[in-house]
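# Tertiary structure, described
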2 protein chains.
Amino acid sequence: MKNVLFNFISKYISLTEDEKNAIDSLDMFRSVKKGTILLEEGQKSKESYFVLKGCLRAYYIIDGEEKTTAFYTEMDALTPHCVVNKAPSQYFISCTEDSIILISNSDIEVEINSKFPKFDTMCRMLSEELLAKERINFDEFKTSSPEQRYLNLIQKRPDLIQRVPQHQLASYLGIKPQSLSRLRARIMEKKS
Amino acid sequence: MKNVLFNFISKYISLTEDEKNAIDSLDMFRSVKKGTILLEEGQKSKESYFVLKGCLRAYYIIDGEEKTTAFYTEMDALTPHCVVNKAPSQYFISCTEDSIILISNSDIEVEINSKFPKFDTMCRMLSEELLAKERINFDEFKTSSPEQRYLNLIQKRPDLIQRVPQHQLASYLGIKPQSLSRLRARIMEKKS
DNA sequence: CGTATTTATTAACTTTAGTGAACGAATTTT
DNA sequence: AAAATTCGTTCACTAAAGTTAATAAATACG
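In this text the structure is predicted, and so the values were computed from the model without any measurement.

## Focus on the pattern of salt bridges
Residue and element names in this part refer to chain A. Counted under the stated rule, the structure contains 34 salt bridges over all chains. When the shortest N-O distance is used, the salt bridge between Glu74 and Lys53 registers 4.0 Å. One end of the pair, Glu74, is in the loop between strand S5 (65–72) and strand S6 (77–78); the other, Lys53, is in strand S3 (residues 47–53), and 21 residues separate them in sequence. Residue class for Lys53 comes out partly exposed when judged on its relative accessible area of 43%. Connected through salt bridges with shared partners, the residues Lys53, Glu74, Glu97, Asp159 and Arg163 form a single ionic network.

## Describing the interface of chain A and chain B
The parts lose accessible area when they come together, and the size of an interface is often stated as this lost area. Contacts between chain A and chain B engage 36 residues on the former and 36 residues on the latter. Summed over both sides, the interface between chain A and chain B buries roughly 3,400 Å², with carbon and sulfur atoms accounting for 60% of that surface. Inspection of the chain A/chain B interface yields four salt bridges. Between Glu134 of chain B and Arg135 of chain A there is a salt bridge; the shortest N-O distance is 3.8 Å. For the interface between chain A and chain B, the tally reads 13 residue pairs in polar contact (both at pLDDT 80 or more). Examining the composition of the side of chain A that touches chain B, we find that 19 residues originate from one element, helix H5 (residues 117–142) of chain A, more than from any other. Of the residues in the side of chain A that touches chain B, the class split is 15 nonpolar, eleven polar and ten charged.

## Here's the deal with the protein's contact with DNA strand D
Taken together, 14 residues form the shell around DNA strand D, and within it Gln166, His167 and Ser181 of chain A together with Gln178 and Ser179 of chain B come nearest. Within 4 Å of the protein, the contacting atoms of DNA strand D are 65% sugar and phosphate, with bases supplying the remainder. Residue Lys176 of chain B places a main-chain N or O atom 3.2 Å away from a phosphate oxygen belonging to DNA strand D. Take Ser179 of chain B: an N or O atom from its side chain is 2.7 Å from a phosphate oxygen of DNA strand D. Listed by contribution, the elements that provide at least two residues to the surface near DNA strand D are helix H8 (166–172) and helix H9 (177–191) of chain A together with helix H9 (177–191) of chain B. For the surface near DNA strand D, the element with the highest residue contribution is H9 of chain B, accounting for four residues. Looking at side-chain class alone, the surface near DNA strand D contains three nonpolar, seven polar and four charged residues.

Thresholds applied
Residues numbered from 1 in each chain as written. Chains lettered and ligands numbered in written order. Predicted model: local features only at pLDDT ≥ 70, side-chain atom pairs only at ≥ 80, totals over all residues. Heavy atoms only, no water. Salt bridge = Lys/Arg side-chain N within 4 Å of Asp/Glu carboxyl O. Helix = DSSP H or I, 4+ residues; strand = E, 2+ residues; numbered from the N terminus. Buried < 20%, exposed > 50% of the residue type's maximum accessible area, 1.4 Å probe, protein only. Contact = heavy atoms within 4.5 Å. Buried area = accessible area lost by both parts, 1.4 Å probe. Polar contact = N/O pair within 3.5 Å; in protein donor to acceptor, adjacent residues only side chain to side chain. Nonpolar A, V, L, I, M, F, W, Y, C, P; charged D, E, K, R; others polar. Near = heavy atom within 4 Å.

Spelled out as structure tokens, the structure:
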């Protein structure tokens, strides 16, 4: 698992042995059981997550209903809004599978970043990249119908359709579970 | 206008006179006329933009139709996907008003960032902030109906409704111009 | 200035999503 | 193992968005 992390980092910066040891000594790896809630609405957390194995889900509870807005899987990084904003979280984050994740604390990050400016650069590159990706994603969502979004998801993240319950996928696609069922039936119809 | 920029920067880092002069000497301020296209589909640009005054619009052309996905106004920063990705742009960026903007080049940014690590930190903070905001925005979009999105826009960016043509707003809200017209009529109906 | 084009609205009709309810299947709880 | 809950699908119905077309208003252009 350590190597998975170092491989990921090496896409952005190169690390010396010293730096690798520094990261190692932070002891950020965590095994979390399916169903564990990492962040709750109203909480002021300072934790960011990096998924090495498994799947995290972000969801709101609006009028008593769960609204899933994001899934984070292998190699996905997530800094919740409340960490950046220093305000109570508006959403929950839970594990949809037994997962191995990296948890970092923003206070420690500040320390590390000032000790190793390289990390600052890496974080900058990573969040610029994630921002660009997020925008493209949003654009695709805006410019397509629920059916197109579903077909697009099959192409881009086929694993999600297997590993995540249908009703969570539905709100991820911005629709109700019944509509997703219907839409899937419609697609099957067309194929035959 | 210079002061507007320095005020913005001061939210993230503090600058010495030397650093201010360094920025100044880059001569990045540009006046652009309404209608100017800053980035075209297929282009490999290295330019990022910061809006001091005016409004930029990002749009795709899909099946011959313009699909507006974003507006950038005063104090908004924008690094197009193609700059991060080093790939041809999928969308256009144009000025919807006479504007004063800052144009920076990614090659120069790399230089500046290595000379003044502070800038690296600022860029990291800025893009982390923008990423968190973008996600919240996307979440709101996903979890609400076109009508709610429109009402939300009135609250959050009332200026846009004034300064931007209706049909561009429509695709920004993920719907057709006719639907926006109808939806507006429906809201008026309810109020009375 | 008048003409052409673009923009916004309205209407009729079609398609698709939301809603509430019912049902069996799967999963969890006891 | 039985009971309870959750999940996915289907159905009938309602509400809202897409589509096509017509028209009026605003804007741009020669």
